[in-house]
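# Fold and contact review
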Amino acid sequence: MEQFKKRIVYQIWPRSFKDSNEDGIGDLRGILSKLDYIRDLGADTIWLSPIYATGNKDFGYDIDDYYRINPEYGTMEDFDDLLMEVKKRGMELVMDLVANHTSDQHVWFQKALKDRNSPYRDYYIFRKGRTGKKGESLPPNNWLSAFGGSAWQKDENSDEYYLTMFTPNQCDLNWENPKVREGIHDIMRFWLDKGVLGFRMDVINTIAKREGLPPAGKGKKLDFPFEHIVSLPKSHEYIREMHEKVLSNYPHVFTVGEGMVTSMEDLIRYTDPDEKKLNMMFQFDLHLIGCGPLGKFDFRKGYLWSVKEMKEIIFNWQLQVQEGGGWLGNFMSNHDQPRQVSRFGDDGPFRRKSAKALALLNMTLRGTPFLYQGEEIGMTNCPFEKEEWKDFEAINDYKVLQEMMHLPKFAAEKVIQKMTRDHARTPVQWSGKEYAGFSAVEPWIKVNPNYTYINVEDELKKENSLIRFYKEIISLRRQSSALQDGYIIPVNREHPHVISYKRIYNEESLLMVINLSGRNTEISLEEVMTSDWACELGTYEMRSFEPILSLHPYEALVFRKIKSLDKISK
Ligand code: NOJ
Ligand code: CA
């Protein structure tokens, strides 16, 4: 079995993980001080969201220099120490590779901007503007940025514009240019040679843009150019080349692709081992449940969804990726998503119970599980005032919702409050002390006021704690080939509130039964009665198997097959 299937990844968003020098900002020494905690949870791989020099317009995803550490986070020496300490504990480090764009402060872009004839001009996507009816200068096309507004910025020193698909200071690289590709390959080699295990690759399926940059959608209003930037054949070629020239030289390298609206077919083509590209990829359909076609701030479906829909999304991906020979990275939350108990569970009375159910789900699906800082204590969304928002996406989309979608202020605010990435970025709640034990001074972003009763210190002391449950389910996964690499087979797929499935690998067979609703329910498990099942783990208590099983709200169970009854009766 490939090593990447066995890994359990813990994602750190460094700015909000742990502050070591009392400036209110998380840092590398802070991470170092918590390595034992991560190891004790049972994770063996740490993915660090970007820690490179940055102007923080997109909190690290706007990179000024890929070879320097953000001074707010520490020095290269701190990084080397961190890496050594990670390895000492038998863990590995995965870096974030942001290869679709650099920041506008990156030396390549600065050179491109200064001199139109510089070879660096062709590292980016500069184009002439159009002239409007009244002679005014218009961007080259109608492409909408992922964060709202035109994707083009005017270069004031020429009559050209440059493409920025995210914040206006994240400048899209021109992957057509072999020098750009070599530049990125060099960055990768630098970090791999230092000893990191691999990369999480940011929006890696949008690195190629359609030749001629044709208008998006109907071509009139601003529109997101899905059809011209997502998974073009050239993206596949570039990743294959990256594999050949870099990744294949590092035998155990770990790669996970992050992509925008990745289709099933593309995900399989990126991750099928025969394709020689990536180990695995994320999919976002689950996270976009209840959202309209334009993404998380597209409120037109009212954020309404049912457990049945959630199940169907999960099974659909699980089964088709299995069938196609691909591999998923599974996650319930990350730095771009609301907190999972608030989004998919219950952040009120059933907070701990629903968090356990979601953890059990994430740890037992087919694919490599990722957990995100704070989810192991059931951190929730945060009640922000508008003035407390930090994220560019939220602040900009607040305007866009009013201007483009004609929402009144209060409604726009409600939409942002529901989905803002800031929820995921409040400081990790380490204790009930002031500032949640994250820092001794006021942090750069609001601390969720519920730190007084949701925090690591208290959680560790509790019997039946969420952390303890995480340790148990992780440890079960570590010992189970069925969970790491087994087939998945849905059980009672029609049930409206319970997701149930088997995972099977050779002789080992596990059955998961998870009530994803906040009400009591019953499920018929008659279709698996050909075997005898023993309870292995439960979120309320250990239960004996019954053909009609009644479940408490958010109750989740794992059963292990002890013998097949059909064989005995023969
Ligand atoms: C995806 C990252 O996860 C997100 O945080 C970032 O804003 C965009 N890519 C652009 O880099
Ligand atoms: Ca600090």
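Quick note: structure is the one above.
Quick summary incoming for the structure in this document. These numbers come from a predicted model, not from an experiment.

Right, let's talk about the coordination of the calcium ion (ligand 2) for a bit. Summarising the metal site, the calcium ion (ligand 2) is bound by the protein donors Asp19 (OD), Asn21 (OD1), Asp23 (OD), Ile25 (O) and Asp27 (OD), whose distances to it range over 2.2 to 2.3 Å. Each donor residue of the calcium ion (ligand 2) lies on the same chain, and together they follow the pattern D-x1-N-x1-D-x1-I-x1-D. According to the relative accessible area criterion, aspartate 19 is buried, its value standing at 4%. According to the relative accessible area criterion, aspartate 27 is buried, its value standing at 3%.

Across all of its chains, the model carries 33 aromatic pairs by this definition. Considering the side-chain rings of tyrosine 10 and phenylalanine 17, the 6.2 Å spacing of their centres and the 75° angle between planes classify their relative orientation as edge-to-face. Accessibility classification places tyrosine 10 together with phenylalanine 17 in one group, the buried group. An aromatic cluster of three or more residues is present, and its members are Trp47, Phe254, Phe282, Phe284, Phe331 and Phe370. For arginine 15, the ring lying beneath its charged end belongs to tryptophan 444, and the centroid distance is 4.8 Å. A cation over a ring is seen here: lysine 34 above tryptophan 430, with NZ or CZ 4.1 Å from the ring centre.

For strand β5 (residues 92-97) and strand β13 (residues 198-201), the ladder comprises 4 bridges, and the chain directions are parallel. Bridge assignment links leucine 97 to a residue of β13, and that residue is methionine 201.

Around ligand 1, the structure places 13 residues, and the nearest of them are Asp58, Arg200, Asp202, His335 and Asp336. The contact in question runs from an oxygen atom of ligand 1 to an N or O atom on the side chain of aspartate 202, over 2.7 Å. Between aspartate 336 and ligand 1, the recorded distance is 2.4 Å, taken from a side-chain N or O atom to an oxygen atom. Relative to its unbound accessible area of 290 Å², ligand 1 is 97% covered by the protein chains. Per-class residue counts for the shell around ligand 1 are 3 nonpolar, 3 polar and 7 charged.

Within the open sheet, the 3 strands sit side by side as β7-β11-β10. Their pairing is antiparallel. Of all the strands in the sheet, just β7 (126-128) and β10 (152-154) have a single pairing partner and so form its edges. Neighbouring strand axes in the sheet, compared pairwise and without regard to direction, differ in orientation by 40° on average. Pairing analysis gives 3 bridges linking β10 to strand β11 (residues 160-163), with the strands arranged antiparallel. Looking across to β11, one finds that lysine 154 is bridged to tyrosine 161.

Time to look at the environment of lysine 502. Relative to the helices and strands, lysine 502 resides in strand β19 (residues 498-505). Once the C-alpha coordinates of lysine 502 and serine 231 are considered, the two residues, 271 residues apart in sequence, prove to be 32 Å apart. Look past the residues within four positions of lysine 502 in its chain and what remains in contact with it is Tyr487, Ile488, Ile489, Val491, Leu510, Leu511, Val528 and Trp533.

Moving on, we get to the side chain of glutamine 11. Here glutamine 11 lies in strand β1 (residues 9-12). Once residues lying within four places of it in the same chain are set aside, the contact partners of glutamine 11 are Trp47, Ser49, Asn334, His335, Leu371, Tyr372 and Gln373.

All told, the structure shown has 46 salt bridges when counted by the stated rule. Glutamate 85 is the partner of lysine 88 in a salt bridge, and the nearest nitrogen-oxygen pair spans 2.9 Å. Of this pair, lysine 88 and glutamate 85 both sit in helix α4 (residues 76-88), 3 residues apart, roughly one helical turn. For lysine 88, a relative accessible area of 61% translates into the label exposed. A salt bridge links glutamate 275 to arginine 240, with the shortest nitrogen-to-oxygen separation between them at 3.9 Å. Taken together, the residues glutamate 275 in the loop between α9 (264-271) and β15 (280-281) and arginine 240 in helix α8 (residues 233-245) connect sequence positions 35 residues apart. Under the relative-accessibility criterion, arginine 240 is labelled partly exposed at 37%. Taken together, the shared-partner salt bridges connect Asp58, Lys296, Asp336, Asp391, Glu393, Arg421 and Arg425 into one network.

Time to look at the nonpolar core. If you look at the biggest cluster of nonpolar residues, it comprises 150 residues, and the most contacted ones within it are Leu48 and Phe79. Sequence-distant contacts of leucine 48, defined by excluding residues within four places in its chain, comprise Ile12, Ile31, Phe79, Leu82, Leu93, Val94, Met95 and Asp96. If you look at the next biggest cluster of nonpolar residues, it comprises 17 residues, including Leu144, Trp152, Met165 and Met260.

Right, let's get into the sheet that holds β15. Taken in spatial order, the 8 strands make up an open sheet running β15-β14-β13-β5-β2-β1-β17-β16, and their pairing is parallel. Strand pairing shows two members of the sheet lacking a second neighbour, β15 and β16 (329-331), which therefore form its edges. Across 3 bridges, β16 lies against strand β17 (residues 368-372) in parallel orientation. Opposite asparagine 330, over in β17, you have proline 369 as the bridge partner.

Its 12 residues place the ends of helix α13 (residues 392-403) 16 Å apart at the C-alpha level, agreeing with the 16 Å of an ideal helix rising 1.5 Å per residue. All buried positions along α13 are accounted for by Glu393, Ala394, Asn396, Asp397, Tyr398, Val400 and Leu401. Looking at the packing, one finds that the buried side of α13 touches α14 (409-419).

Two numbers describe how helix α6 (residues 178-194) lies on α8: the axes approach to 11 Å, and their chain directions differ by 45°. Classed by the angle they form, the pair α6 and α8 counts as oblique. For the pair α6 and α8, the sense of crossing is right-handed. Side by side, α6 and α8 meet where Arg181, His185, Met188 and Arg189 of the first sit next to Tyr238, Glu241, Met242 and Lys245 of the second. Among the residues making up the contact of α6 with α8, the classes are represented as 3 nonpolar, 1 polar and 4 charged.

The rules behind each value
Residues numbered from 1 in each chain as written. Chains lettered and ligands numbered in written order. Predicted model: local features only at pLDDT ≥ 70, side-chain atom pairs only at ≥ 80, totals over all residues. Heavy atoms only, no water. Donors = N, O, S within 2.8 Å, 3.2 Å for Na, K, Ca; no water. Buried < 20%, exposed > 50% of the residue type's maximum accessible area, 1.4 Å probe, protein only. Phe/Tyr/Trp six-rings, centres within 6.5 Å; stacked < 30°, edge-to-face > 60°. Lys NZ or Arg CZ within 6 Å of the ring centre and 35° of its normal. Pairing = 2+ DSSP bridges. Helix = DSSP H or I, 4+ residues; strand = E, 2+ residues; numbered from the N terminus. Near = heavy atom within 4 Å. Polar contact = N/O pair within 3.5 Å; in protein donor to acceptor, adjacent residues only side chain to side chain. Areas by Shrake-Rupley, 256 points an atom, 1.4 Å probe, with all protein chains shown as cover. Nonpolar A, V, L, I, M, F, W, Y, C, P; charged D, E, K, R; others polar. Axes fitted to C-alpha atoms, helices over the stretch in contact; angles between N-to-C directions. Contact = heavy atoms within 4.5 Å. Salt bridge = Lys/Arg side-chain N within 4 Å of Asp/Glu carboxyl O. Core = buried A, V, L, I, M, F, W, Y, C linked by side-chain atoms within 4.5 Å. Expected span 1.5 Å × (residues − 1). Parallel < 35°, antiparallel > 145°, perpendicular 65-115°, else oblique. Left-handed = near helix turned anticlockwise from the far one by under 90°.

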